[in-house]
Amino acid sequence: MRLKLERELIVEYGRKLISSNLTTGSGGNLSIINRAENLIAIKPSGVDYLIMKPEDVVIVTPEGKIVEGTLTPSSEIRFHLALLNYRSDITSVVHTHQVYATTIACMNWELPAVHYLVGFAGNKVPLAKYATFGTQALSDNILAAIGNYNACLMANHGIVTVGANIGAAFATAEELELVSRLYYQAKCIGEPVILSDDEMAIIGEKFKTYGQRK
Ligand SMILES: [Zn+2]
């Protein structure tokens, strides 16, 4: 079986999506590329995270050809492959419909620097224009929006995060749910103060050396 470690990580972090309230049932999806082997492990379509096993994970080439697996890969395989091919600095993509981030996306707003933790993504979280799920147009819109950010909101759909490893991509999704909630709540009582780009540049530098992050 190829990519044993990556298969196990897809299962482990799929369960963490559920326990962290970032998704329900089989919603959302995750992928990890092994650049040495030039193969990608991706969540199968429509399989409940709590019953998903490492052998259920689908292994594909960067072009999307199935190398191992009997199940259909995630319906959002197009943008997973596009991001992993486009960004050589990342190895993992996480996509969810987490409620507060998706609320902001349903307003077709970007998420501004209302709290310094938006620095997990950059000086803000940009917004990708709406397109039907699973389409090339959606993948194109995400690539156009994300640039060098570690996340982008997807209009009327959800959020996608990327990272040097799946732990980083997951942590970004989790922190951005908090920031999205703070933005939503602050908007309910007034107009929140937004941190400047200069301050967010300082935050970005500090995040490079903060805590145990690798
Ligand atoms: Zn989705």
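Up top is the structure these notes are about.
Residues numbered from 1 in each chain as written. Predicted model: local features only at pLDDT ≥ 70, side-chain atom pairs only at ≥ 80, totals over all residues. Heavy atoms only, no water.

**Concerning the overall build of the chain**
The helix and strand inventory of the chain stands at 6 helices and 8 strands. Element order for the chain, N to C, with α for helix and β for strand: α-β-β-β-β-α-β-α-β-α-β-β-α-α. Taking 17 Å as the expected radius of gyration for a compact globule of 214 residues, we find that the chain reaches 17 Å, a close match to that expectation. Oriented by its inertia axes, the alpha-carbon framework of the chain measures out at about 50 × 35 × 30 Å. The buried share among the 214 residues of the chain stands at 46%. For the chain, the proportion of contacts with a sequence separation of at least 24, taken over those separated by at least 6, is 65%. Just so you have it, the chain exposes about 10200 Å², and 53% of that area is on carbon and sulfur atoms. Here the chain carries 19 positive and 21 negative side-chain charges, and the mean point of each set is 2 Å from the other. (Helix = DSSP H or I, 4+ residues; strand = E, 2+ residues; numbered from the N terminus. Rg over C-alpha atoms; globule rule 2.2 N^0.38 Å. Buried < 20%, exposed > 50% of the residue type's maximum accessible area, 1.4 Å probe, protein only. Contact = heavy atoms within 4.5 Å. Areas by Shrake-Rupley, 256 points an atom, 1.4 Å probe, with all protein chains shown as cover. Lys, Arg positive; Asp, Glu negative; His and termini not counted. Charge placed at Lys NZ, Arg CZ, Asp CG, Glu CD.)

**Brief notes about the sheet that holds strand β6 (residues 127-128)**
Across a sheet, paired strands are connected by hydrogen bonds in the backbone, their directions being either parallel or antiparallel. A sheet is described by the order of its strands in space; here 8 strands give the open sequence β4-β3-β2-β1-β5-β8-β7-β6, paired in mixed fashion. The outermost strands of the open sheet, each flanked by one partner alone, are β4 (66-68) and β6. Relative to strand β2 (residues 39-42), strand β1 (residues 29-34) runs antiparallel, the two sharing 4 bridges. When the bridges of β2 are listed, I32 appears paired with A41. With respect to the sheet, helix α2 (residues 77-86) is in contact with β1, β2, β3 (58-60), β5 (92-96), β7 (151-154) and β8 (158-163), its orientation differing from that of β5 by roughly 145°. (Pairing = 2+ DSSP bridges. Axes fitted to C-alpha atoms, helices over the stretch in contact; angles between N-to-C directions.)

**Some details on the coordination of the zinc ion**
In an ideal tetrahedron of four donors about a metal, each angle is 109.5 degrees. In an ideal octahedron of six donors, the angles are 90 or 180 degrees. Coordination sphere of the zinc ion, protein contribution only: H95 (NE2), H97 (NE2) and H157 (NE2), at 2.0 to 2.1 Å. Along the chain, the residues that donate to the zinc ion are spaced as H-x1-H-x59-H. (Donors = N, O, S within 2.8 Å, 3.2 Å for Na, K, Ca; no water.)

**Regarding helix α4 (residues 136-146)**
Here α4 has its buried residues at L138, S139, I142, A145 and I146. Axial view of α4: buried residues confined to an arc of 135°, hence all on one face. The inward-facing, buried residues of α4 abut α2, β6, β7 and β8. Backbone geometry just downstream of α4 places G147 in the positive-phi region, at approximately 50°. (Arc of directions from axis to C-beta.)

**Quick word on the layout of surface pockets**
Summary: where empty space remains is shown by rolling a probe the size of a single water molecule over the atoms. One number sums up the size of the second largest pocket: a volume of about 150 Å³. Its residues assigned to classes, the lining of the second largest pocket comprises 1 nonpolar, 11 polar and 2 charged. (1 Å grid on protein atoms, 1.4 Å probe; cavity = no way out; pocket = protein on both sides within 12 Å on 5 of 7 lines; lining within 4 Å. Points joined across faces, edges and corners; volume = space filled by probe spheres on them. Nonpolar A, V, L, I, M, F, W, Y, C, P; charged D, E, K, R; others polar.)

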